[in-house]
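Here is what each chain is made of, one letter per residue.
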Amino acid sequence: MAALRRRAPDADAVLLWGWPDAAARATSAVRRLGWDVQLAVGSSAFVGTYRTLAGTSSEGVVLPFPFRDAWFGPT
């Protein structure tokens, strides 16, 4: 994340698109760098897994919907 921050110093936010556990870890890392987060996960995943794992880092995260499980399947 720090390398990404160096490459895009003028960015205001990061759009994360991943499984809830990976997105939660990335959200915490992104927040430590001072960026806002937008996240593409399903609402049930957000409530059940993502928010629990991300903790206070999840406050104010924007969740674009709809979400499709197929986005994370094999291509």
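Residues numbered from 1 in each chain as written. Predicted model: local features only at pLDDT ≥ 70, side-chain atom pairs only at ≥ 80, totals over all residues. Heavy atoms only, no water.

**Brief notes about the overall build of the protein**
To keep things clear, this is the line we draw: Numbering of helices and strands runs from the N terminus, with a helix taken as a DSSP run of H or I at least four residues long and a strand as a DSSP run of E at least two residues long. Exposed residues in this analysis have more than 50% of their type's maximum accessible area, buried residues have under 20%, and partly exposed residues fall in between, with area computed by a 1.4 Å probe over protein chains only. Whether two residues touch is decided by their heavy atoms; if any such pair falls within 4.5 Å, the residues are in contact. Working definition of accessibility: Shrake-Rupley area with a 1.4 Å probe, residue cover restricted to the visible protein chains.
Of regular secondary structure, the protein possesses 3 helices and 2 strands. Listed by position from the N terminus, the elements making up the protein come as α-β-α-β-α. Within the protein, the fraction of its 75 residues that count as buried is 35%. In the protein, once contacts between residues fewer than 6 apart in sequence are set aside, the share between residues at least 24 apart is 58%. On the protein, roughly 4,900 Å² of surface is accessible, and the fraction owed to carbon and sulfur atoms is 55%.

**With respect to the confidence of the model for the protein**
To be explicit about the condition: Known as pLDDT, the predictor's per-residue confidence is scaled from 0 to 100.
For the protein, mean pLDDT is 75; residues scoring 70 or higher make up 71% of the total. Confidence, read as mean pLDDT per element, is least for helix α3 (residues 43-54) in the protein (71) and greatest for helix α2 (residues 20-32) (84).

**Thoughts on the side chain of Ser28**
As for its position among the elements, Ser28 is in helix α2. Dropping the residues within four chain positions of it, Ser28 is found in contact with Ala54 and Ser57.

**Some points on the nonpolar core**
Soluble globular proteins tend to bury their nonpolar side chains together. Filter applied, for reference: Throughout this description, the term nonpolar core refers to a set of buried Ala, Val, Leu, Ile, Met, Phe, Trp, Tyr and Cys residues connected via side-chain atoms within 4.5 Å.
Counting residues in hydrophobic clusters, the biggest one holds 12 residues: Val14, Leu16, Ala23, Ala24, Ala26, Val30, Trp35, Val37, Leu39, Tyr50, Ala54 and Val61. When residues in this core are grouped by element, the largest group, 4 residues, is from α2.

**Quick notes on the pairing of strand β2 (residues 36-40)**
Selection rule: A pair of strands is treated as paired once DSSP finds two or more bridges between them. Viewed with both strands pointing away, a crossover whose connecting path from the first strand over the helix to the second turns clockwise is right-handed.
As paired elements, strand β1 (residues 13-17) and β2 share 5 bridges and run parallel to each other. In the sheet register, Leu15 faces β2, and the bridge partner there is Gln38. Viewed along the sheet, the connection from β1 through α2 into β2 turns out right-handed.

**Remarks on α2**
Stated precisely, the cut-off is as follows: An expected span of 1.5 Å times one less than the residue number is assigned to each helix.
End to end, α2 covers 18 Å across 13 residues, agreeing with the expected 18 Å (1.5 Å per residue, within 8%). Within α2 the residues assigned to the buried category are Pro20, Ala23, Ala24, Ala26, Thr27, Ser28, Ala29 and Val30. The first or second residue beyond α2 is Gly34, which carries a positive phi of 90°.

**Some details on the environment of Thr52**
One can find Thr52 in helix α3. We classify Thr52 as exposed; its relative accessible area is 61%. Along the backbone, Thr52 and Pro20 are 32 residues apart, and their C-alpha atoms lie at a distance of 9.7 Å.

**Things to note about the side chain of Thr27**
Put simply, the rule reads: We call two N or O atoms a polar contact when they sit within 3.5 Å, provided that within protein one can donate a hydrogen and the other can accept it, with sequence-adjacent residues counted only if both atoms are side-chain atoms.
Along the polypeptide, Thr27 turns up in helix α2. Within the local environment of Thr27, its side chain forms a polar contact with the backbone oxygen of Ala23, the two atoms lying 2.7 Å apart. If we skip the residues at most four places from it in the chain, Thr27 touches Leu16, Val37, Tyr50, Ser57 and Val61.

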